[in-house]
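Chain residues, written in single-letter form:
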Amino acid sequence: PQTQPSLDMPETLWKSYIDFEIELGEVDRTRRLYRELLERTKHVKVWLSFAQFESGHGDSVAAVGVYKEAESHFKEVCHPGSKPLHCSTGTHKRA
């Protein structure tokens, strides 16, 4: 199976900003930042981090929703028979 490249520097900076907002307790702002980051990259680490954030903030329904969105994205960009969360570089943008 293909492996995903590590996050590049801009994505790492986004994650630091997200972590800062989490520390401040800015749940809604954190959600918006994750959504903005997912517009720029579909990296599996971002999807997983977002789902973990939702789960950790008492919203298991939202966490499941994020996992389903990720699965849907990876099904679109993967080859048939691939495992959805491991088959893509995650950097593919939808047209």
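Sequence order sets the numbering: in each chain, residues are counted from 1 along the sequence as written. Local features in a predicted model are, by the rule used here, given only for residues with pLDDT of at least 70; side-chain atom pairs are given and counted only at 80 or more, and totals for whole chains, interfaces and linings are based on all residues. Only hydrogens and water are set aside when side-chain values are computed; all heavy atoms of the structure are taken into account.

Topic: the nonpolar core
Put simply, the test is: In plain words, nonpolar cores are sets of buried Ala, Val, Leu, Ile, Met, Phe, Trp, Tyr and Cys residues tied together by side-chain atoms within 4.5 Å. Between buried and exposed lies partly exposed: a residue is buried under 20% and exposed over 50% of the maximum accessible area for its type, with that area taken using a 1.4 Å probe on protein chains only. Helix and strand assignments come from DSSP, with helices taken as H or I runs of at least 4 residues and strands as E runs of at least 2, each series counted from the N terminus. Contacts: residue pairs with any heavy atoms within 4.5 Å of one another.
Counting 16 residues, the largest nonpolar core has Tyr34, Trp47 and Phe50 as its most contacted members. Looking at this core, the elements that each hand over two or more residues are α1 (9-23), α2 (27-40), α3 (44-56) and α4 (60-77). Among the elements that make up this core, the one with the highest residue count is α3 (six residues). In contact with Tyr34, other than residues within four places in its own chain, are Lys15, Ile18, Val46, Ser49, Phe50 and Phe53.

A word on the packing of aromatic side chains
Where two aromatic rings form a pair, the distance of their centres and the angle of their planes describe that pair. What counts is decided by this rule: Classification of ring pairs uses Phe, Tyr and Trp, with its six-membered ring standing for Trp, and accepts pairs whose centres are within 6.5 Å; under 30 degrees between planes counts as stacked, over 60 as edge-to-face, and the remaining range as tilted.
The tally for this structure, following the rule as stated, stands at two aromatic pairs. On the basis of an interplanar angle of 40° and a centroid distance of 5.8 Å, the ring pair of Tyr34 and Phe53 is categorised as tilted. Of this pair, Tyr34 sits in helix α2 while Phe53 is found in helix α3, placing the two residues 19 residues apart along the sequence. Neither residue differs from the other here; Tyr34 and Phe53 are each classed as buried. Among the aromatic residues, ring-to-ring pairing joins Tyr34, Phe50 and Phe53 into one connected group.

Description of the packing of α3 against α4
Keep this limit in mind: Convention adopted: a line fitted to C-alpha atoms gives each axis, helices being fitted over their contacting stretch, and angles between N-to-C directions are expressed from 0 to 180 degrees. Working rule for angles: under 35 degrees goes down as roughly parallel, over 145 as roughly antiparallel, 65 to 115 as roughly perpendicular, anything else as oblique. We call a crossing left-handed when the near helix sits turned anticlockwise from the far one by less than a right angle, and right-handed when that turn is clockwise. Amino acids are sorted into nonpolar (Ala, Val, Leu, Ile, Met, Phe, Trp, Tyr, Cys and Pro), charged (Asp, Glu, Lys and Arg) and polar (every other residue, Gly among them).
For the pair α3 and α4, interaxial distance at closest approach is 7 Å and the crossing angle is 165°. As summarised for this structure, α3 and α4 are arranged roughly antiparallel, according to the angle between their axes. Read as a crossing pair, α3 and α4 show a hand that is left-handed. Taking contact as the criterion, the partners of Val44, Trp47, Leu48, Phe50, Ala51, Gln52, Glu54 and Ser55 in α3 are, on α4, Ala62, Ala63, Val66, Tyr67, Glu69, Ala70, His73 and Phe74. For the contact of α3 with α4, a count of residues per class yields eleven nonpolar, three polar and two charged.

Quick look at the confidence of the model for the protein chain
Applied cut-off: pLDDT: the predictor's confidence for each residue, scored from 0 to 100.
Considering every residue of the protein chain, the mean pLDDT works out to 80; 73% of them sit at 70 or more. The element-level mean pLDDT for the protein chain is lowest in α1, coming to 89, with α2 highest at 94. Low pLDDT, under 50, characterises residues 88-95; the predicted model gives this stretch 22 contacts beyond four residues in sequence or across chains.

Here we look at the side chain of Glu21
As for its position among the elements, Glu21 is in helix α1. Owing to a relative accessible area of 5%, Glu21 belongs among the buried residues under this scheme. When neighbours within four sequence positions are excluded, Glu21 is seen to be in contact with Glu26, Arg29, Thr30 and Leu33.

Considering the packing of α2 against α3
Between α2 and α3, the shortest axis-to-axis distance is 10 Å and the interhelical angle comes to 165°. When the axes of α2 and α3 are compared, the pair comes out roughly antiparallel. By crossing handedness, the relation of α2 to α3 is classed as left-handed. When α2 is examined against α3, the residues Val27, Thr30, Arg31, Tyr34, Arg35, Leu37 and Leu38 are found in contact with a partner set consisting of Val46, Trp47, Ser49, Phe50, Phe53 and Glu54. Across the contact of α2 with α3, the residue classes tally to eight nonpolar, two polar and three charged.

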